[in-house]
Amino acid sequence: DTAVSQTPKYLVTQMGNDKSIKCEQNLGHDTMYWYKQDSKKFLKIMFSYNNKELIINETVPNRFSPKSPDKAHLNLHINSLELGDSAVYFCASSQTSGSYAYEQYFGPGTRLTVT
Amino acid sequence: QKEVEQNSGPLSVPEGAIASLNCTYSDRGSQSFFWYRQYSGKSPELIMFIYSNGDKEDGRFTAQLNKASQYVSLLIRDSQPSDSATYLCAVNVGDSSYKLIFGSGTRLLVRP
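In what follows, the accompanying structure is described.

The rules we used
Residues numbered from 1 in each chain as written. Chains lettered and ligands numbered in written order. Predicted model: local features only at pLDDT ≥ 70, side-chain atom pairs only at ≥ 80, totals over all residues. Heavy atoms only, no water. Helix = DSSP H or I, 4+ residues; strand = E, 2+ residues; numbered from the N terminus. Rg over C-alpha atoms; globule rule 2.2 N^0.38 Å. Buried < 20%, exposed > 50% of the residue type's maximum accessible area, 1.4 Å probe, protein only. Areas by Shrake-Rupley, 256 points an atom, 1.4 Å probe, with all protein chains shown as cover. Lys, Arg positive; Asp, Glu negative; His and termini not counted. Charge placed at Lys NZ, Arg CZ, Asp CG, Glu CD. Contact = heavy atoms within 4.5 Å. Buried area = accessible area lost by both parts, 1.4 Å probe. Salt bridge = Lys/Arg side-chain N within 4 Å of Asp/Glu carboxyl O. Polar contact = N/O pair within 3.5 Å; in protein donor to acceptor, adjacent residues only side chain to side chain. Disulfide = S-S within 2.5 Å.

### Some remarks on the overall build of chain A
Move 1: Across its full length, chain A carries 0 helices and 13 strands.
Move 2: For chain A, the N- to C-terminal ordering of α and β elements is β-β-β-β-β-β-β-β-β-β-β-β-β.
Move 3: Computed over its C-alpha atoms, the radius of gyration of chain A comes to 13 Å, within 12% of the 13 Å expected for a compact globule of 115 residues.
Move 4: By its C-alpha atoms, chain A is 40 × 30 × 30 Å across when sized along the principal axes.
Move 5: The buried share of chain A, taken over its 115 residues, is 43%.
Move 6: Put simply, chain A shows about 5,800 Å² of open surface, and 49% of that area lies on carbon and sulfur atoms.
Move 7: Each charge class in chain A was averaged separately, 12 positive and 11 negative side chains, and the resulting centres sit 7 Å apart.

### Remarks on the environment of Asn-7 of chain B
Residue and element names in this part refer to chain B.
Move 1: Tracing the backbone through its elements, the reader meets Asn-7 in the loop between β1 (4–5) and β2 (11–14).
Move 2: Take Asn-7: its relative accessible area is 56%, and that puts it in the exposed class.
Move 3: Taking C-alpha positions, Asn-7 is 23 Å from Asp-58, a pair spaced 51 residues apart along the chain.

### So, the interface of chain A and chain B
Move 1: On the side of chain B, 17 residues touch chain A, which itself brings 24 residues to the contact.
Move 2: In total, about 1,800 Å² of surface goes out of reach between chain A and chain B, with carbon and sulfur atoms giving 57% of it.
Move 3: Of all residues in chain A, Leu-43, Tyr-100 and Glu-103 of chain A bury the most surface against chain B, accounting for 26% of the area lost on that side.
Move 4: Applying the counting rule to chain A against chain B returns 1 salt bridge.
Move 5: The partner of Glu-58 of chain A in a salt bridge is Lys-99 of chain B, with the nearest N and O atoms 3.0 Å apart.
Move 6: Counting every contact that joins chain A to chain B gives 7 residue pairs in polar contact (both at pLDDT 80 or more).

### Things to note about the state of the cysteines
Move 1: Tallying each qualifying case throughout the model produces 2 disulfides over all chains.
Move 2: Disulfide pairing places Cys-23 of chain A opposite Cys-91 of chain A at an S-S distance of 1.9 Å. What sets the handedness of the Cys-23 of chain A and Cys-91 of chain A disulfide is the S-S torsion sign, and at about -80 degrees it is left-handed. With Cys-23 of chain A in strand β3 (residues 19–25) and Cys-91 of chain A in strand β9 (residues 87–94), the pair connects residues that are 68 residues apart, well separated along the chain.
Move 3: Taking the relative accessible area as the measure of exposure, Cys-23 of chain A reaches 2% and is therefore buried.
Move 4: Here Cys-23 of chain B pairs with Cys-89 of chain B through a disulfide, and the sulfurs are 2.1 Å apart. Handedness here is read from the sign of the S-S torsion; for Cys-23 of chain B and Cys-89 of chain B, about -75 degrees, the answer is left-handed. Of this pair, Cys-23 of chain B sits in strand β3 (residues 19–25) while Cys-89 of chain B is found in strand β9 (residues 85–92), placing the two residues 66 residues apart along the sequence. Both residues of the pair, Cys-23 of chain B and Cys-89 of chain B, count as buried.

### So, unusual backbone geometry
Move 1: Pro-8 of chain A follows Thr-7 of chain A through a cis peptide bond whose omega is -5 degrees.
Move 2: Along the polypeptide, Pro-8 of chain A turns up in the loop between β1 (4–7) and β2 (10–13).
Move 3: With an omega of 10 degrees, the peptide bond running from Gly-9 of chain B to Pro-10 of chain B counts as cis.
Move 4: Structurally, the position occupied by Pro-10 of chain B is in the loop between β1 and β2.
Move 5: Here the phi dihedral of Lys-41 of chain A falls at roughly 75 degrees; this positive angle occurs in a residue that is not glycine.

Read these as spatial facts, not as claims about activity.
Below is the structure:
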């Protein structure tokens, strides 16, 4: 009965490769997010989708491309991976009412290591 | 640049004591304030949220908000060793309830 799930949990890959991370939520929420937590533990928003529409697109290299096939799923594809992409990537979701988003719930994270 | 600041700690308290965690934010337009707990190697877990000035209590946790001073705090009563974790303060960017800015977190250590 996991609320927000991510796959894979760990991802080790070489520079230059392309990889994807998948996220699914069964909370019935309509907004999903991608966050990056670096080695200094700063947690930063990258993207957000509301009902499959991109609503937050932070200053992130265009090697990162999110896709939301439906309200319950949000994927993150990363092209040409670089050493600096090594981090933990968290997916989160929240419910909205009108233009207001309520509290966000986080998935377990995907630890990406680029060698 | 919107900022959320927390003392990195560690804040060390004995078991049974009250732990007080503080957070200041720069955006006067912020309306939503959240406290998350993050154990090492785990994901952030929502502990409390508060939208109005004053106190909000939930079990051993009390969130306090003072918008005039741009200050939000979390009190943990009867601290337990299992409360040892990093506590993240998150604040929405004034005109967007979707976008949260997180502080760097305060590490809490509860000594048995």
